[in-house]
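In case you want the letters, here they are:
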Amino acid sequence: MKTKTKSIIAAMTLFLMLPLLAMPASAMTMAPTDWCGSASTGAMSADVTPIIVEKETLTFDLSALPKTYYETEEAFLTYTGSYTAEYILYNPTAESATTTIALPFGMSPSYGYDDSDISKYSILINGEEVEAKLRHTYSYPYTDFDLEIDLPLLLDDYITDDFLSPDTTVTKYTFKASEVDRKKNPYAYFGIDINPEQYENTLVYIDQDTNAWNQEDGDYRLNGWIGEASDTYVLYAFGDPIEELPEWKFYKDVTVSDGKEISGTASLINTETFTYSEFVFENYDEARGISEIDWYNAAVTEFKMSSDSGSPIAYLNGFKENFESYVMRWYQYDITIDAGERLTVKVTAPMYPDVDTKYEPPIYTYTYLLSPAATWADFGSLDVDINTPYYMIESNTEGFTKTESGYKLSLEELPKNDSGDLTNLSFTLCTSENPEYDDSIPAIFWIILIIAIPLVIIALVFSFVVTLVTDLVKMIFKKR
C-alpha cells in the first residue's frame, strides 16, 4: 500500500511539473547572449615627442560579420573584418626626432583563439613593411584600454617595486589533509584565519581557487572548496616567512562559518624556500611568445593589483591558470623623422566587434579608441570610411553620411567630451535596418515559472495530505 501510494504521488507530481519540463531548452539553459570583441586602438608615441599627426585616414572593411563560435582556429581565421589606419607624421622642428611607436591591439575576442591572428597585423612605413616587436602587458580579460594605466606598463626593464623584487624570499608550505569525509560532506570547504597584524611584511597565496572575507575579530578567513581537490594544499608566503603557521579547519559548506566545522586535519609535510624570480619563471616557456621581461612584469602587475586592498592575501588566477588570457598584446617599433620631414605609417589589423544576440537579427558594435592621439604633440583631421553592406544602427559620433560603399565621416579635429577629453569612435552594424529586442525567451521563462511553482506547491501539499491520510487509515486499522 505504501509503495503504491508513493508511486501515485510521484506520477502526479511529474504530471504537474510537465509545463516546467516542457520549457524550451534555450530558456532552461539561459544561453549567453553577449560576446566580447576587442576594441581597436590607434598608434601612440610611447615617449615625449615633438612629432605631430597631420592627418589620419581610418578605413573599415566590414563585408563579413563574425560568428559567436568557431569550432577550430582555422575557421576563426577565415573572418575577414579589418581596419586600416594611415597616419601622416610630420616633424616641425629643426632637428631629427626619434620616437617609439606602440600599437596596442588588445586581446583575442571571446569567440576567438589566443594569438592565432598575429599574421593579420601589418605595419608599413612609406610603403615598406616594418619588423615590429611583439610585446605583452597585464590586463584583466575584456577590460577597456586605458591610456593612463596600460601605457606605463610597457617597460623595457623589470618593474621596480618596494615589496617585490627578483630576490624577494618566497616560502612554500605544503600541507597534507586527512580525516575529511568528502562523501558525507561533498560541499566541504577548508578555511584558515589570517591576522593582518602578523603579516605586515608578508603576503600569502594558496595555489587553488580561493575566497576571503573579514571576520568580526578582524581576521581574514581564506577558504576554498575541497570537493574535487587533492589531499595536498600549498600555501606560499612572499616576503618574511610565517612565524606561526595558521590552523587549518574544515567546514560543512561554502559559508565557512563558526559552528559548521567538520572533522579533518592538515599537517605540514614540506617547506621550501626560493626567490620570487624562481617562482615567476617556474613554468615559463619562451615558445609561448612572451618575453621574460614582459612575463615577469605582467606577473608583478597582477600580484600588486590583487593585493592593493590592504589584505595580506594575493590572488594570482591569471598567472597560475592561463596567463595568455590576462595579457594585452602590443606591437612596438622605432621611427626617426628628419627635420621638416613627413612620412606615412599604415597599420592594418583585424576588427572584432561585440555581438549582442538579444536583438533579432543580432547587432555588432565596433569600437576604435582615439585616446592614443593624446600622446602626439598635436593631432589634425580624421577621415573615416566604413565599407560595409550592412546598416549602421547607431554611432556615438554625429556626421556620418551614407555612401554607395557604406558610410563616411570627416572631422577637422578629434571628437571630445564636455571635459575636453578625447572620446572613442563607436558604431553598431546590423543586417536589418530595424532590429528588434528579443525578450521572448525571458517572458516564456517567467510565465512558465509562475505557473509551475504553484503547481509544484500543490503537488507537495497533495503529497503531504495523502501521506497523512494513509498513516491515519493505518492507525485505525491497527487499533481494530
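Here the structure is a predicted model, which is why all the values come from computation and not from measurement.

A short note on the sheet that holds strand β8 (residues 128-129)
- Taking strand neighbours across the sheet as the criterion, the eight strands line up as β8-β7-β20-β5-β4-β24-β27-β26 in an open arrangement whose pairing is mixed. With one partner strand each, in any of the chains shown, β8 and β26 (401-402) form the two edges of the open sheet.
- Across four bridges, the pairing between strand β7 (residues 122-125) and strand β20 (residues 342-350) is antiparallel. Looking at β20, one finds that Ser122 is bridged to Thr348.

What to know about the sheet that holds strand β11 (residues 189-194)
- Here we have five strands laid out as an open sheet, ordered β13-β14-β11-β16-β17, and antiparallel in their pairing. Each edge of the open sheet carries a strand with a single partner, namely β13 (211-214) and β17 (261-262).

Brief notes about the environment of Tyr391
- Along the polypeptide, Tyr391 turns up in strand β25 (residues 391-395).
- C-alpha separation for the pair Tyr391 and Tyr407, spaced 16 residues apart in sequence, amounts to 9.3 Å.

Overview of helix α7 (residues 292-306)
- For α7, with 15 residues, the first-to-last C-alpha span of 21 Å sits near the 21 Å given by 1.5 Å per residue.
- Of all 15 residues making up α7, 11 are buried, and the element is well covered by its neighbours.
- When α7 is considered as a whole, its buried residues turn out to be Asp294, Trp295, Tyr296, Asn297, Ala298, Ala299, Val300, Thr301, Glu302, Phe303 and Ser306.
- Each element contacted by the buried residues of α7 is listed here: β9 (133-138), β12 (202-206), β15 (232-239), α6 (276-280), α8 (317-320) and β19 (327-337).

What to know about the side chain of Ser40
- Here Ser40 lies in strand β2 (residues 40-41).
- Residue contacts for Ser40: discarding those within four places in its chain leaves Tyr83, Pro350, Met351, Thr367, Tyr368 and Leu369.

Observations regarding the confidence of the model for the protein chain
- Confidence in the prediction of the protein chain, expressed as mean pLDDT, is 86, and 85% of residues score 70 or more.
- Note that pLDDT drops below 50 for residues 1-30; the model gives that stretch 27 contacts with residues more than four away or on any other chain.

Topic: the environment of Ser405
- Along the chain, Ser405 turns up in the loop between β26 and β27 (406-411).
- Relative accessible area serves as the criterion here: at 41%, Ser405 is assigned to the partly exposed category.
- Sequence separation between Ser405 and Pro389 is 16 residues, and the spatial gap between their C-alpha atoms is 7.0 Å.
- Sequence-distant contacts of Ser405, defined by excluding residues within four places in its chain, comprise Ile386, Asn387 and Thr388.

Comments concerning a negative patch on the surface
- A surface patch of negative charge is lined by Asp144, Asp146, Glu148, Asp354 and Asp421.
- As for its placement among the helices and strands, Glu148 is situated in helix α5 (residues 147-150).
- Given a relative accessible area of 71%, Glu148 falls into the exposed group.

With respect to unusual backbone geometry
- The omega torsion across Glu360 and Pro361 is -5 degrees, close enough to zero to call that bond cis.
- Positionally, Pro361 belongs in the loop between β22 (359-360) and β23 (363-369).
- Positive phi, normally seen in glycine, also occurs at Asn126, with a value near 50 degrees.
- By the secondary structure assignment, Asn126 is in the loop between β7 and β8.
- Since its relative accessible area comes to 48%, Asn126 is described here as partly exposed.
- In this structure, Glu179 takes a positive phi of about 65 degrees despite not being glycine.
- By the secondary structure assignment, Glu179 is in the loop between β10 (169-178) and β11.
- Glu179 gets classed as exposed once you look at its relative accessible area, which sits at 59%.

Points about the pairing of strand β24 (residues 379-387)
- When you tally the buried positions in β24, you get seven out of nine residues, the bulk of the element.
- Across six bridges, β24 lies against β27 in antiparallel orientation. Note that in β27 the partner of Ile386 across the bridge is Tyr407.

Some words on the packing of aromatic side chains
- Counting across every chain of the model gives 38 aromatic pairs.
- On the basis of an interplanar angle of 75 degrees and a centroid distance of 6.5 Å, the ring pair of Tyr111 and Tyr352 is categorised as edge-to-face. Separated by 241 residues along the polypeptide, Tyr111 in the loop between β6 (97-106) and β7 and Tyr352 in the loop between β20 and β21 (354-356) bring together distant segments of the chain. Note on accessibility: Tyr111 and Tyr352 belong to one class, buried.
- Judged by centre distance (5.0 Å) and plane angle (45 degrees), the ring pair of Phe175 and Trp248 falls under tilted. Residue Phe175 is located in strand β10, and its partner Trp248 is located in strand β16 (residues 248-251); the two are separated by 73 residues in the primary sequence.
- Since its relative accessible area comes to 3%, Phe175 is described here as buried.
- Classification of Trp248 by relative accessible area gives buried; the value is 6%.
- Directly above the aromatic system of Tyr90 lies the positively charged group of Arg342, at a separation of 4.1 Å from the ring centroid.

What counts and what doesn't
- Residues numbered from 1 in each chain as written.
- Predicted model: local features only at pLDDT ≥ 70, side-chain atom pairs only at ≥ 80, totals over all residues.
- Heavy atoms only, no water.
- Pairing = 2+ DSSP bridges.
- Helix = DSSP H or I, 4+ residues; strand = E, 2+ residues; numbered from the N terminus.
- Expected span 1.5 Å × (residues − 1).
- Buried < 20%, exposed > 50% of the residue type's maximum accessible area, 1.4 Å probe, protein only.
- Contact = heavy atoms within 4.5 Å.
- pLDDT = per-residue confidence, 0-100.
- Patch = residues over 30% accessible without salt bridge, like charges linked within 9 Å, V, L, I, M, F, W, Y side chains within 5 Å.
- Areas by Shrake-Rupley, 256 points an atom, 1.4 Å probe, with all protein chains shown as cover.
- Salt bridge = Lys/Arg side-chain N within 4 Å of Asp/Glu carboxyl O.
- Lys, Arg positive; Asp, Glu negative; His and termini not counted.
- Charge placed at Lys NZ, Arg CZ, Asp CG, Glu CD.
- Phe/Tyr/Trp six-rings, centres within 6.5 Å; stacked < 30°, edge-to-face > 60°.
- Lys NZ or Arg CZ within 6 Å of the ring centre and 35° of its normal.

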